[in-house]
Amino acid sequence: MQTSYSSAFVNILKRDLTIALRHRDDIINPLLFFIIVVSLFPLGIGPVSNTLMKIAPGVIWVAALLATLLSLERLFKNDHSDGSLEQLLLSPCPTFILVLAKIFAHWLITGLPLIIIAPLLGVLLNLHQDSYTALMLTLLLGTPVLSLLGAIGVALTVGLKKGGVLLSLLVLPLYIPVLIFATSAIDAASMNLPYNGQLAIIAAIFFGSLTLAPFAVGSALKVSTN
Amino acid sequence: MATQHSVLLAADKLTCIREDRLLFDQLSFDVNTGDIIQVEGANGTGKTSLLRILAGLSQPYDGKVLYKAENIHHCQEDYNSDLIFLGHLPGVKGEMTSEENLQFYLKLHGLDHSLAEQTLAEVNLFGFEDALASHLSAGQHRRIALARLWQSNSKIWILDEPFTAIDKAGVEKLEQLFLRHAKNGGAVILTTHQDLSIHSNDFKKIILEHQFI
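Quick notes on the rules
Starting afresh in each chain, residues are numbered from 1 along the sequence in its written order. Whichever chain is written first becomes A and whichever ligand is written first becomes 1, with later ones labelled in order. Totals for whole chains, interfaces and linings use every residue, but because this is a predicted model, local features are given only for residues with pLDDT of at least 70 and side-chain atom pairs only at 80 or more, for both listing and counting. Think of it this way: any DSSP run of H or I at least four residues long counts as a helix, any run of E at least two long counts as a strand, and we number them from the N terminus. Within these notes, the globule rule equals 2.2 Å times the number of residues to the 0.38 power, and the radius of gyration is based on C-alpha atoms. Here a residue counts as buried when 20 or more other C-beta atoms sit within 10 Å of its C-beta, as exposed when there are 12 or fewer, and as partly exposed otherwise, the C-beta atoms being derived from the backbone. The nonpolar core criterion groups buried Ala, Val, Leu, Ile, Met, Phe, Trp, Tyr and Cys residues into a set whenever they are joined through C-beta atoms within 7 Å. In this description, any two residues whose backbone-derived C-beta atoms lie within 7 Å of each other are considered to be in contact. Only strands that DSSP links by at least two bridges are regarded as paired with each other. Handedness of a crossover: with both strands directed away from the viewer, a clockwise path from the first strand across the helix to the second marks it as right-handed.

(A) Looking closely at the overall build of chain B. From N to C terminus, chain B includes six helices and nine strands. Taken against the 2.2 N^0.38 rule, which gives 17 Å for 213 residues, the C-alpha radius of gyration of chain B at 17 Å falls within 12% of a compact globule. Summarising its shape, the C-alpha atoms of chain B cover approximately 55 × 40 × 35 Å along the three principal directions. Looking at chain B as a whole, 44% of its 213 residues qualify as buried.

Right, dumping it as structure tokens:
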């Protein structure tokens, strides 16, 4: 009997969400980190609203990158240390599907809460009122990219005892294009300029990584469990 | 025996080198239906490495493993659906109950997960279905992992130290299960430092020794 791909996907997704919901700090810690990092800026720079307005897109996005980075290790580390990763790799469903399910679960657990809380932090930073739609759209397209590209880094470092710093060195440079186009889209929106171009590029990066990253993650996991 | 013997899995000139040490060289053997094979050897002779290579988790330095005359890395999905591998780590999630853990693996292999509760009773975990695995002992974790064997329709079982932390009655029950599986046309490859109580005609041994060059 062959499992159908969609039921395998749902099965893994459900498992990861169950684990995350029973282990709530996985969801809450990155979110709190995100909120605290962003709220440090008004405190450090002072409440001059013009300065804050200028740096708001960058601050929110950099904080989102770091919060994602913080949560990445959980993606495969626990599975690797308790042996479930081997079992997943030896399951009859293709590695592509299981990797995609795990990444989607990771995005639901960390990316989605960031998107929901981001407008509130925009208020805190006095984000330009025309920029909110752009902020939400870039986050909606950009945070899945962060999970997808990050997963490659985690898969490569999962076998190492102290892969944390190496992980950030591997992954952060890969996040630069998303950061550049996202903040430039939000800036353009604040000046009432069209930002379709930037969005299209982020969307292209998203679809590119959606189709290619799971293959890279699968191969990297096989190397890491070798 | 009435079952027809045919080759399920073939190791073809496997060579394994770990940390510049040669573990085994040009190792070839067939695994037929009905075989129970015990891989024996002192610590560090490459038992686990051999099993991981057979399961397709590790790459041999040289040689290949054939499933239905095809390299296992070329027909991975087919091979995986006919394989159960249990390694040193049980792969049990502490955040989930024993029943959820078992159900997950049954679903992953496309098996009927409604029988999970009943299967847990087979491995003496009756009454622990709703206990979080993190509250259970190492032996019970292993039992959750092993419970899959009762439901499995995979032919090839590769088990690395399946008896670790299992009590005597449990070991006996497992041995009976292995015999039944072999009779039904399956094959079991296992490592263990315990002596099997199975009659010696019913199982084969592969003995690995330290290599000195």
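There's plenty left to go through after this.
(B) Highlighting the nonpolar core. Within the largest apolar cluster, 127 residues are counted, with the highest numbers of intra-cluster contacts made by Ile60, Ala151 and Ala155 of chain A together with Leu54, Ile158 and Ile189 of chain B. Here this core takes 14 residues from helix H7 (residues 132-157) of chain A, the largest share from any one element. Apart from the residues within four sequence positions on either side, Leu54 of chain B is in contact with Leu9, Ala11, Val65, Ile158 and Ile189 of chain B.

(C) Summary view of the sheet that holds strand E1 (residues 7-18) of chain B. All names here are of chain B. Spatially, the four strands line up as an open sheet ordered E2-E1-E4-E5, and their pairing is antiparallel. Strands with a single pairing partner mark the edges of an open sheet, and in this sheet they are strand E2 (21-32) and strand E5 (70-71). Of the pairings in the sheet, the one linking E1 to E2 comprises eight bridges and is antiparallel in character. Bridge pairing in E2 links Leu14 to Leu27.

(D) Representation of the pairing of strand E7 (residues 156-160) of chain B in the model. Residue and element names in this part refer to chain B. When you tally the buried positions in E7, you get five out of five residues, the bulk of the element. Alternating residues of E7 divide into Ile156, Ile158 and Asp160 and Trp157 and Leu159, and every residue in both groups is buried. Examined bridge by bridge, strand E6 (residues 83-86) and E7 share four bridges and lie parallel to one another. Residue pairing for E7: Leu83 is matched across the bridge by Ile156. Pairing analysis gives five bridges linking E7 to strand E8 (residues 187-191), with the strands arranged parallel. Among the inter-strand pairings, Leu159 is bridged to a residue of E8, identified as Leu190. For the crossover that starts at E7, traverses helix H6 (residues 168-183) and ends in the parallel E8, the hand is right-handed.

Structural measurements only, silent on function.
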